[in-house]
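A closer look at the structure
Residues per chain, in single letters:
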Amino acid sequence: MFRRCSQSLLVMSSGGARHSSTDSAAPRVLITGGLGQLGRSLAAVLRKTHGSESVVLTDIKQAPDDVLSAGPYSYLDVLDEAALRRTVVEQRITTLVHYSALLSVVGEQNVPLAMKVNIDSVHSCMKIAHDYNMRLFIPSTIGAFGPHCPRNPTPDLTVQRPRTIYGVSKVHMELLGEYFHESKGLDFRSLRFPGVLSADTPPGGGTTDYAVHMAVAAAKGETFVCNLGPETRLPMMYLSDCVRATCEMLTAPAEKLRLRTYNVTAMSFTPEEFAAEIRKYKPDFKVTYSPNPVVQAIADSWPEVFDDSGARNDWGWNHEYSMSRLAKHMLDVASRLN
């Protein structure tokens with residue numbers, strides 16, 4: 001499934017006195033915000049390919065025992081540029097994956113902190129990745145689009161104009177990454193993810209989290225109160241597809257990358273459609289709707305359907321999880337956990 005992870009991470013350009021991935025036989029990957037659903041999953045895949053010492057997972061939280069036993073973990077505050085630079089140098093990092101961010105709903109609750117985490121830390125990552133000739137991956141989001149973009153479908157290149165600090169910060173990141181790539185040669189790569197759903201990892205405060213909570217409620221036999229309206233359509237993908245897309249983007253040959261930021265997706269559905277899919281396995285499952293005005297406004301400004309034909313045509317992206325497979329899998333896992 002993740003066979004391409006082992007290819008191009010080993011081959012990056014070197015330059016001047018800066019250290020590069022060619023200094024060692026295997027890549028060294030630093031993941032910030034590593035205790036979230038994306039960080040831990042990506043680390044597991046890369047370590048399986050390159051060895052347990054190949055990935056340094058970092059965050060500002062205390063790591064659980066299973067994380068500490070799986071490979072290197074360090075405390076790292078991404079707002080401390082000197083500490084980030086020191087970690088890169090001491091660990092001889094060749095690829096930086098910057099996951100630290102405040103997501104859409106949480107970001108609106110603390111805009112000053114979101115500006116620091118989502119913007120200031122990106123500036124540090126860009127500078128450090130350039131200085132040490134690293135490959136830099138920072139994810140983007142459906143939240144990078146706003147109400148003035150075409151919503152069904154939303155192409156890679158169009159007007160964006162987001163309405164949340166999360167989205168604004170991601171547009172800033174995309175454009176700054178393209179600038180560093182075009183003017184300074186930085187190997188910057190990004191993917192705009194839809195709602196990313198995981199069956200066994202707690203969601204992180206995003207607008208699409210309702211689907212995870214819905215599956216858990218169904219597994220427990222509880223009525224679910226949805227914070228979005230029943231017809232709110234949003235693009236989604238399962239976590240394993242998200243991680244695989246990241247690996248494939250990280251290892252795609254540079255000559256295949258027509259863009260530096262691509263849309264990727266797997267499906268689009270509404271809360272009522274997902275509930276109907278769940279009822280195929282839980283016929284008595286009930287959902288009531290009580291839209292949260294803030295969350296609903298965010299969702300209504302986002303794409304309904306992602307056009308990811310660029311990623312599919314340029315470097316062969318293809319998803320594995322459909323809505324029906326996703327619903328069954330999430331129910332199975334939620335039932336085991338509860």
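On a predicted model such as this, the values are computed, not experimentally measured, just so you know.

**Some points on the environment of E277**
Position of E277 among the secondary structure elements: in helix α9 (residues 271-279). Along the primary structure E277 and M323 are separated by 46 residues, whereas in three dimensions their C-alpha atoms are 7.8 Å apart. Excluding residues that lie within four positions of it along the chain, E277 makes contacts with M323, S324 and A327.

**A look at the packing of aromatic side chains**
For the structure on display, the rule yields five aromatic pairs. Centre to centre, the rings of Y179 and F180 are 5.8 Å apart; their planes meet at 90°, and the pair counts as edge-to-face. Judged by its relative accessible area of 10%, F180 is buried. The ring of Y321 has R325 lying over it, and the distance from NZ or CZ to the ring centre is 4.0 Å.

**Focus on the confidence of the model for the chain**
In the predicted model, the chain carries a mean pLDDT of 92, and the fraction of residues at 70 or more is 92%. Scored below 50 in pLDDT, residues 11-24 makes 29 contacts in the model with residues more than four places away or belonging to other chains.

**Structural notes on the pairing of strand β1 (residues 29-32)**
Residues V29 and I31 point to one face of β1 and L30 and T32 to the other, with burial holding for every one of them. As judged from the three bridges shared by β1 and strand β2 (residues 55-59), these two strands associate in the parallel manner. Counterpart to L30 in the pairing with β2 is V56.

**Let's talk about the pairing of strand β4 (residues 95-98)**
Along β4, one buried face is formed by T95 and V97 and the opposite face, lined by L96 and H98, is buried too. Both β1 and β4 contribute to a ladder of four bridges, which runs parallel. Across the sheet, residue T32 finds its bridge partner in β4, namely H98.

**Focus on the pattern of salt bridges**
In total, this model carries 18 salt bridges according to the counting rule given. When the shortest N-O distance is used, the salt bridge between E277 and K280 registers 3.2 Å. Take K280: its relative accessible area is 58%, and that puts it in the exposed class. Bridged by salt links that share partners, the residues E81, R85, K127 and D131 form one connected network.

**Focus: the sheet that holds strand β8 (residues 195-197)**
Spatial strand order, β8-β10-β12: three strands in an open sheet with mixed pairing. Strand pairing shows two members of the sheet lacking a second neighbour, β8 and β12 (267-269), which therefore form its edges. Neighbour-to-neighbour, the strand axes of the sheet open up by a mean angle of 40°, direction not taken into account. Together, β8 and β10 (234-238) form the strand contacts of helix α8 (residues 239-251), whose direction differs from that of β10 by roughly 80°. On top of the sheet, helix α12 (residues 323-337) reaches β8, β10 and β12; it is set at about 75° to β12, its chief contact.

Analysis parameters
Residues numbered from 1 in each chain as written. Predicted model: local features only at pLDDT ≥ 70, side-chain atom pairs only at ≥ 80, totals over all residues. Heavy atoms only, no water. Helix = DSSP H or I, 4+ residues; strand = E, 2+ residues; numbered from the N terminus. Contact = heavy atoms within 4.5 Å. Phe/Tyr/Trp six-rings, centres within 6.5 Å; stacked < 30°, edge-to-face > 60°. Buried < 20%, exposed > 50% of the residue type's maximum accessible area, 1.4 Å probe, protein only. Lys NZ or Arg CZ within 6 Å of the ring centre and 35° of its normal. pLDDT = per-residue confidence, 0-100. Pairing = 2+ DSSP bridges. Salt bridge = Lys/Arg side-chain N within 4 Å of Asp/Glu carboxyl O. Axes fitted to C-alpha atoms, helices over the stretch in contact; angles between N-to-C directions.

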